[in-house]
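Geometric and topological summary
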Amino acid sequence: MSGVRFEFATATRVVFGPGSLAELGPIAASFGSRALLVTGRSAERAEAARERLLAEGVASIAFSVIGEPTVGDARRGADLARSEGVDLVVACGGGSAIDAGKAVAALLGNGADPLHYLEVVGRGQPIALPSAPFVAIPTTAGTGSEVTRNAVLSSPEHRVKASLRSPLMLPRAAIVDPDLLLGLPPHVVAASGLDALAQLVEPFVSVRANPLVDALCREGLARSARSLRRAFEGDRSEAVRVDLALASLFGGLALANAGLGAVHGLAAPVGGLFDAPHGSACAALLPAVLRVNLAALSRRRPESPAFDRYREIAAIVTGRPDAQAQDGVAWVESLVRALRVPGLSHWGASTSDVPALVAKARAASSMKGNPIELDEAELAEIVSASL
Ligand SMILES: [Zn+2]
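Summary of the structure given here.

Basis of the calculations
- Residue numbering note: each chain is counted from 1, following its sequence as written.
- The predicted nature of this model means local features are confined to residues of pLDDT at least 70 and side-chain atom pairs, given and counted, to a pLDDT of 80 or more, with totals for whole chains, interfaces and linings taken over all residues.
- Side-chain measures were taken over the full set of non-hydrogen atoms in the model, leaving aside hydrogen atoms and water.
- Only DSSP runs of H or I covering at least 4 residues are called helices, and only runs of E covering at least 2 are called strands; the numbering of each starts at the N terminus.
- Every helix has an expected span of 1.5 Å times one less than the residues it contains.
- A 1.4 Å probe rolled over the protein chains alone gives each residue an accessible area, and that area as a share of the maximum for its type sets the label: buried under 20%, exposed over 50%, partly exposed in between.
- Here the arc refers to the set of directions running from the helix axis out to each C-beta atom.
- In this analysis, two residues are considered to be in contact whenever any of their non-hydrogen atoms come within 4.5 Å of each other.
- The working definition used for a salt bridge is a side-chain nitrogen of Lys or Arg within 4 Å of a carboxyl oxygen of Asp or Glu.
- One bridge is not enough; two strands pair if DSSP finds at least two bridges between them.
- Working convention: axes come from line fits to C-alpha atoms, limited for helices to the stretch in contact. Angles between N-to-C directions cover 0 to 180 degrees.

We now examine helix α12 (residues 325-338). Between its first and last C-alpha atoms α12 spans 20 Å; for 14 residues at 1.5 Å apiece the expected length is 20 Å, and the two agree. Turning to α12, its buried residues are Ala-325, Gly-328, Val-329, Trp-331, Val-332, Leu-335 and Val-336. The buried residues of α12 all sit within an arc of 160° when viewed along its axis, so they share a single face. Looking at the buried positions of α12, the neighbouring elements they touch are α6 (186-205), α7 (211-232), α10 (278-300) and α11 (306-318). Positive backbone phi, at 50°, marks Arg-340, one or two positions downstream of α12.

Next comes the structure, spelled out in structure tokens:
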């Protein structure tokens, strides 16, 4: 075994706590006086943010993104930001709004069109210059995008999703306020919360795991396990909201520094080919990925350290120290059922799409973190079981 060596990078500043949205004004004012305020479909959810900005003399120019951001959205946002002369970008919303804001901030700082930098469908040129100052404020508890270095954009004409990615894209500040989760509807709690759970499981079993990420995953898994089902059932107590917000934040910190696995490797092409929201796709895939990963490890790498990881996950989520890996899988399966996550067929996927999804997933960057390389038959089994 070689010695432990790792790097850890995140947002310059993370401000966490109920009521922490109040910090937005002073933080934004330290960066400039004109902000592009990026939101999702419901711009009124960012009204409190707009007021905080105004109170500190920061004007805001509204930019709303419907659904997950496209290359065209990023281009449009950057054009608007340039013509309005903004000096910072604030995103307030779910992962879509934050990814859109992160992409716009990077384009503002670097100048060229999104396709110049985009992986897979674009030229994949490196992002060489710092982003415009970017402040991320999540209003769901799922993606952890407020502390990651990539922005996922979809390219509808290519039917794929791809990332703009650079350490220079890490937000200057992440404001994580659990009070913003108060009005979250149950289906959003389910999809985003299970995405967060997947983002705690995958880095923990990743081939790139490290001790700092391990600690975050253990803590995040415990909080998600005790609070996600309660939140879905309607409990919006502060303790539950804090748990969800921390699980999401820790998942983001973990994935940005230890990578992901087959859930996210498959979720990317699912989201490219179908209109499945990221969290819902991840939630639908998670149980089968756990099952097939364990079976593949048993067949080909029975000595893998990942078994201990899966056992530890099982112990954390079930609360039973003697739990076996399969108990963890059963626990996740029952949670996904209880949270009424639809299968991939709900979004239009069918058996005939399995080969295309498998082919694209094998090339996905997230797949590299998976604890074992899955063959085509194993990936096909996952997709078929997740329909
Ligand atoms: Zn995810």
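Let us keep going from here.
This paragraph deals with the pattern of salt bridges. Enumeration according to the criterion identifies 23 salt bridges in this entry. Salt-bridge contacts for Arg-309 lead to Asp-214; the nearest nitrogen and oxygen are separated by 2.9 Å. Within this pair, whereas Arg-309 is found in helix α11, its partner Asp-214 is found in helix α7, the two being separated by 95 residues in sequence. A salt bridge links Glu-312 to Arg-218; the shortest N-O distance between them is 2.4 Å. Of this pair, Glu-312 sits in helix α11 while Arg-218 sits in helix α7; the two residues are 94 residues apart in sequence, bridging distant segments of the chain. Residue classification places Arg-218 among the partly exposed residues on the basis of a relative accessible area of 33%. A single network of salt bridges, built from pairs that share partners, joins Glu-219, Arg-223, Arg-226 and Asp-243.

What follows deals with the sheet that holds strand β3 (residues 59-64). Here we have six strands laid out as an open sheet, ordered β1-β8-β5-β4-β2-β3, and parallel in their pairing. Either end of the sheet is taken by a strand with one partner, and the two such strands are β1 (13-16) and β3. Direction aside, neighbouring strands of the sheet carry axes that sit 20° apart on average. In this sheet, strand β8 (residues 173-176) lies alongside β1 in parallel orientation, the contact comprising four bridges. Note that in β8 the partner of Phe-16 across the bridge is Val-176. Across the sheet, helix α3 (residues 71-83) touches β2 (34-39) and β3, and the angle it forms with β3 is around 160°. Each of β1 and β8 touches helix α8 (residues 238-258); the most contacted strand, β1, lies at about 165° to it.

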